[in-house]
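Structural description and commentary
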Amino acid sequence: MYINGYDHPNILAGQGTMGLEILDQVPDVDAIVVPVGGGGLIAGLALAVKTMKPDVCIIGVEPELCPSFTTAMKYGKAVHTPTFPSLADGLTIPTVGVNALATGGPLIDKMVTVSEAWISIAILRLIELEKAVVEGAGATGVAAILAGLLPELKGKKVVLPLCGGNIDTTLLGRCMDRGLAADGRLINFNVVVSDRPGGIAELTRTISNLGVSIKDIVHERAWVRTNTFAVGVRILAETRNRTHSKELFKLLRNSYDDVQILGFYDSPEDYVAGNLQSSKFESVEEEHPYEGNVNIQYNHDSNLGDIQAGEVDSEISQEDLSIGNIQISTKLAEKTSKVSSRLS
């Protein structure tokens, strides 16, 4: 007998136990932000939570490349939605469950979609700050918060289920690289330097003195047409944050005549749109060492709201994700992952 993994009534009932656990551990929760694929999790959770506490806000998050539940709510029925490869591959369900839609549709307060860049950044933040490996599907709730899609949650207690850690190691590496690039911390540029002995050494010394890490370097002579005694050096480097990247570009342009910025983005939105920033480094404020938790500087450029999560019992490890003025509870991740794995 076939049992639908996200639309069978018993599956929906089982998913609802997560809602009961949330209310048991965070009784004064204001909102729950839930990843949405086929709709089974949010439907069962919404029914359980709204039955016990109707004033709790239930928000669903989907990847932009497969907004199937949003489309279904718009048309009032489950319809086929074109889907494309996404980092949140666990949510790319082209047609949502009819039972999930009928159960959860009337109870969901809001649906939002997040870009691939923000999903990458969410995975990166969870690894760096929370030491938690979460797959793209499970990180969409964090992505929605980081992207500023839910400003109404400022100052409220929010629960974000991190429901899934099944991510391929190769994909995880790609997510981290994309997250660093979207965050302005992984940059790509080309500098034309003297081809005489010491030319490249002087360039790398300049970069090293600024505290920038070189990830890859390639030099090319054939395509430098301006000077026979020059060499083009293409560098992939990692910086602390966008301010650090801009300071590097400012220093390079002061030291060399031919500097091309091949990969740098002012924001994740620019990364999504492919808007390279290559001419905005003429006047950059001096970089000052950050005093305090070194991880916070990684998000130094973000302007985030104040969202504080509630308390949970001692059965789950006490770990919070602190980003700027945001404090998000991830204490339900362990139980959520176990429940999800048993029901899948």
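To be clear, the structure that these remarks concern was listed above.
Described below are features of the structure shown in this document. Every chain's residues receive numbers from 1 upward, in the order its sequence appears when written. Two thresholds apply to this predicted model, a pLDDT of at least 70 for residue-level local features and 80 or more for giving and counting side-chain atom pairs, whereas whole-chain, interface and lining totals are computed over all residues. Excluding hydrogens and water, the side-chain values take into account all heavy atoms of the structure.

To continue, consider the pattern of salt bridges. The term salt bridge refers to a pairing of a side-chain nitrogen on Lys or Arg with a carboxyl oxygen on Asp or Glu at a separation within 4 Å. For the coordinates displayed, the defined rule picks out 8 salt bridges. Between D183 and R125 there is a salt bridge whose closest N-O contact spans 2.9 Å. One end of the pair, D183, is in the loop between α7 (169-182) and β5 (186-194); the other, R125, is in helix α5 (residues 116-130), with 58 residues separating them in the sequence. Each residue is placed in one exposure class: buried if its accessible area under a 1.4 Å probe, protein chains only, is under 20% of its type's maximum, exposed if it is over 50%, and partly exposed if it falls in between. Given a relative accessible area of 3%, D183 falls into the buried group. For K246, the salt bridge goes to D266, with nearest N and O atoms at 3.5 Å. Placement of K246 in helix α9 (residues 242-255) and of D266 in the loop between β8 (259-263) and α10 (268-273) is noted, with a sequence separation of 20 residues between them. We classify K246 as partly exposed; its relative accessible area is 24%. Three or more residues joined by partner-sharing salt bridges are found here, namely R125, E128, D183 and R185. Secondary structure elements are taken from DSSP: a helix is a run of H or I of four residues or more, a strand is a run of E of two residues or more, and numbering for both begins at the N terminus.

Here we take up helix α3 (residues 68-75). The set of residues buried in α3 consists of S68, F69, T71 and A72. Here the buried residues of α3 occupy an arc of 160° about the axis, which is enough to place them on one side. Residues count as neighbours in contact if any of their non-hydrogen atoms are within 4.5 Å of one another. Buried-residue contacts for α3 involve β2 (57-63), α4 (98-104) and β3 (110-114). Remark: G76 follows α3 within two positions and exhibits a positive phi of approximately 75°. Directions pointing from the helix axis toward each C-beta atom define the arc.

Further remarks concern the side chain of T140. Its place among the elements puts T140 in helix α6 (residues 140-146). With relative accessibility at 0%, the residue T140 sits in the buried group. Setting aside residues up to four positions removed in sequence, T140 forms contacts with P35, V61, A88, L91, V114 and I119.

To define axes, lines are fitted to C-alpha atoms, for helices over the stretch in contact only, and angles between the resulting N-to-C directions are given on a 0 to 180 degree scale. One way to put it is that α5 packs onto α7 with a least axis distance of 8 Å and a crossing angle of 105°. Taken together, the axes of α5 and α7 lie roughly perpendicular to each other. Seen from α5, the contacting residues are A117, S120, I121, I123, L124 and I127; seen from α7, they are L172, C175, M176, R178, G179, L180 and A182. A breakdown of the residues in the contact of α5 with α7 according to their chemical character gives 10 nonpolar, 2 polar and 1 charged. Oblique is the label for any angle not under 35 degrees, not over 145, and not in the 65 to 115 range, which are roughly parallel, roughly antiparallel and roughly perpendicular in turn. Only Asp, Glu, Lys and Arg are considered charged in this grouping, and only Ala, Val, Leu, Ile, Met, Phe, Trp, Tyr, Cys and Pro are considered nonpolar; every other residue, Gly among them, is considered polar.

Paired strands are those between which DSSP finds at least two bridges. Strand order in the open sheet made by the 4 strands is β6-β7-β5-β8, with antiparallel pairing throughout. With partners counted over all chains shown, the strands left at the sheet margins are β6 (213-220) and β8, one partner each. Each neighbouring strand pair of the sheet contributes to a mean axis angle of 20°, computed without reference to strand direction. Two elements, β5 and β8, share 4 bridges in a ladder whose sense is antiparallel. The residue of β8 that forms the bridge with F189 is I261. Where α9 meets the sheet, it contacts β5 and β8, and its direction lies at approximately 10° from that of β5.

Note that all results are geometric; they support no functional claim without further evidence.
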